[in-house]
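Architecture at a glance
Here is what each chain is made of, one letter per residue.
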Amino acid sequence: MTGASDKPLLRALAGERVDPPPIWLMRQAGRYLPEYREVRATQPDFISFCLNPEAAAEVTLQPIRRYGFDAAIVFADILLIPHALGQKVWFVKGEGPKLEPIAPADAGTLQPESVESRLAPVGETLSRVAASLPETCALIGFAGAPWTVATYMVEGGGSKDRWTARSLAWAQPEAFDELLAVIADATARYLVMQAQSGAEALKVFDSWAEGLPDPLFDRVVIRPTRRVVDQVRAAGVTAPIIGFPKGCGPHYPRYAAETGVDAIALDHGLDTGWARKALPANIPVQGQLDPAVLKAGGAALDGEADRLLAAWSDRPYVFNLGHGISPDVPPENVARLVTRVRGGG
Ligand SMILES: Cc1c2[nH]c(c1CCC(=O)O)Cc1[nH]c(c(CCC(=O)O)c1C)Cc1[nH]c(c(CCC(=O)O)c1C)Cc1[nH]c(c(C)c1CCC(=O)O)C2
């Protein structure tokens, strides 16, 4: 029988150097796949899609069938937490997510008690996927980090530089920290539920960790992330946690040391040589391939894959992108990358 420890992803996240390294891609289920677009077209809206276990399990498995990745990541979205907390969330085609913005002082009106019941369908998706995964493929659950989720909640959607969120974090520190705490507690319970439903590793996406000065980085990224990790551990969950503080540059080593995460995902803009020296030698790392070189394909893609494989060959390493795959990536480039990473061409 194949145990969890035989799965290449889990071995790498436990600190083992695995050769070739396990590979999966952020946003591997998505619009670049024709079979995803087919399922998407049958769904009334994006939130209902995420909360439909049958459809969500199907698109989670699509990239596993096509490419044989070493991990499946449950099909869901970081904005399910604001939805579960009672905030209105919807997606406008071509524009991305929209939310009815809240003020930090409104944190007390959110409904953390309904998180498990409103997000139970994600647990159901995980159980379904767990039952039909190839035996060497690991299952990943995820959530947004409190800061990134809070930016969407107070901005009312995506924003160029998180101006409103950043200025509110300075102007109303107590209310803002309370909002982060409410999100952190809900997120921890959501992650525990995912682990109990079959997720073998957990990932915390802090997509907007970029551009924060030291005191704010401590307050809005490190402290709330630590709160999530501590609560997940206090609930008895032992699944490894991957932290992804995208774009945080020189803050990375402190994030690795102080949040309690087990592994760290690096973005493509981070200096590889610097990261090798600055990060603790034993922490498993994931990522760094530029999503744009995956779009470009050909010799450029082969060259970047080879550079990263060589650079991280003496560490526990998980091959991945530095950010999500974009909808215009030709599916054959992904096949080429997987073959290259596995030493087949
Ligand atoms: C910031 C963020 C979001 N969602 C997520 C993040 C963090 C990672 C990152 O920085 O990219 C995380 C996410 N979103 C989705 C997944 C599924 C699992 C996977 O395959 O990786 C994951 C892990 C599905 C999705 N989430 C979304 C899609 C596309 C929606 C569609 O099919 O219409 C998918 C496949 C929608 C979404 N959801 C979000 C945005 C900004 C958008 C719109 C962007 C776009 O249109 O591409 C919020």
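The rules we used
- Residues numbered from 1 in each chain as written.
- Predicted model: local features only at pLDDT ≥ 70, side-chain atom pairs only at ≥ 80, totals over all residues.
- Heavy atoms only, no water.
- UniProt positions renumbered as here; feature names shortened; annotations may be inferred.
- Helix = DSSP H or I, 4+ residues; strand = E, 2+ residues; numbered from the N terminus.
- Buried < 20%, exposed > 50% of the residue type's maximum accessible area, 1.4 Å probe, protein only.
- Contact = heavy atoms within 4.5 Å.
- Areas by Shrake-Rupley, 256 points an atom, 1.4 Å probe, with all protein chains shown as cover.
- 1 Å grid on protein atoms, 1.4 Å probe; cavity = no way out; pocket = protein on both sides within 12 Å on 5 of 7 lines; lining within 4 Å.
- Points joined across faces, edges and corners; volume = space filled by probe spheres on them.
- Nonpolar A, V, L, I, M, F, W, Y, C, P; charged D, E, K, R; others polar.
- Pairing = 2+ DSSP bridges.
- Near = heavy atom within 4 Å.
- Polar contact = N/O pair within 3.5 Å; in protein donor to acceptor, adjacent residues only side chain to side chain.
- Sits in = over half its atoms within 2 Å of the grid points.
- Right-handed = clockwise from strand over helix to strand, strands pointing away.

Per an unreviewed UniProt entry, the chain goes by Uroporphyrinogen decarboxylase and derives from Marinicauda salina. Listed in UniProt under the heading Subunit (unreviewed entry), the comment for the chain reads: "Homodimer."

Within the chain one finds 16 helices and nine strands. With respect to the three principal axes, the spread of C-alpha positions in the chain is 55 × 45 × 40 Å. Expressed as a percentage of its 345 residues, the buried residues of the chain come to 56%. Counting contacts in the chain only where the partners sit at least 6 residues apart, residues at least 24 apart contribute 73% of the total. Put simply, the chain shows about 13,500 Å² of open surface, and 52% of that area lies on carbon and sulfur atoms.

Once that is clear, we can look at the layout of surface pockets. Size it by volume and the largest pocket reaches roughly 1,300 Å³. Lining the largest pocket are 42 residues, and of these Arg27, Arg31, Phe46, Asp77 and Phe91 lie nearest its centre. At the level of secondary structure, the elements contributing two or more residues to the lining of the largest pocket comprise α2 (34–40), α3 (46–50), β2 (89–92) and β3 (96–99). With four residues, β2 is the single largest residue contributor to the lining of the largest pocket. Considered class by class, the residues forming the lining of the largest pocket number 26 nonpolar, nine polar and seven charged.

Sheet architecture is open: seven strands sit in the order β1-β4-β5-β6-β7-β8-β9, paired in parallel fashion. Here the strands that pair on one side only, and so sit at the sheet edges, are β1 (71–73) and β9 (317–318). In this structure, strand β7 (residues 263–266) lies alongside strand β8 (residues 285–287), joined through three bridges in parallel fashion. Pairing of Ile264 across the sheet is with Val285, part of β8.

Here we come to the site of the ligand. Taken together, 21 residues lie near the ligand, and Arg27, Arg31, Tyr36, Ser207 and His323 sit nearest. With respect to the ligand, the backbone of Arg27 contributes an N or O atom lying 2.7 Å from an oxygen atom. Contact between the ligand and Asp77: a nitrogen atom at 2.7 Å from a side-chain N or O atom of the residue. Considered on its own, the ligand offers 870 Å² of accessible surface; in the complex 87% of this is hidden by protein. Given that more than half its atoms are within 2 Å of the pocket grid, the ligand belongs to the largest pocket.

Looking now at the pairing of strand β5 (residues 201–206). When you tally the buried positions in β5, you get six out of six residues, the bulk of the element. Neither face of β5 is exposed, since Ala201, Lys203 and Phe205 on one face and Leu202, Val204 and Asp206 on the opposite face are all buried. Where strand β4 (residues 138–144) and β5 come together, five bridges link them in parallel fashion. Paired with Ile140 across the bridge in β5 is Ala201. As paired elements, β5 and strand β6 (residues 241–245) share five bridges and run parallel to each other. Paired with Val204 across the two strands is Gly243, which belongs to β6. The parallel pair β5 and β6 is bridged by helix α11 (residues 214–234), and the resulting crossover is right-handed.

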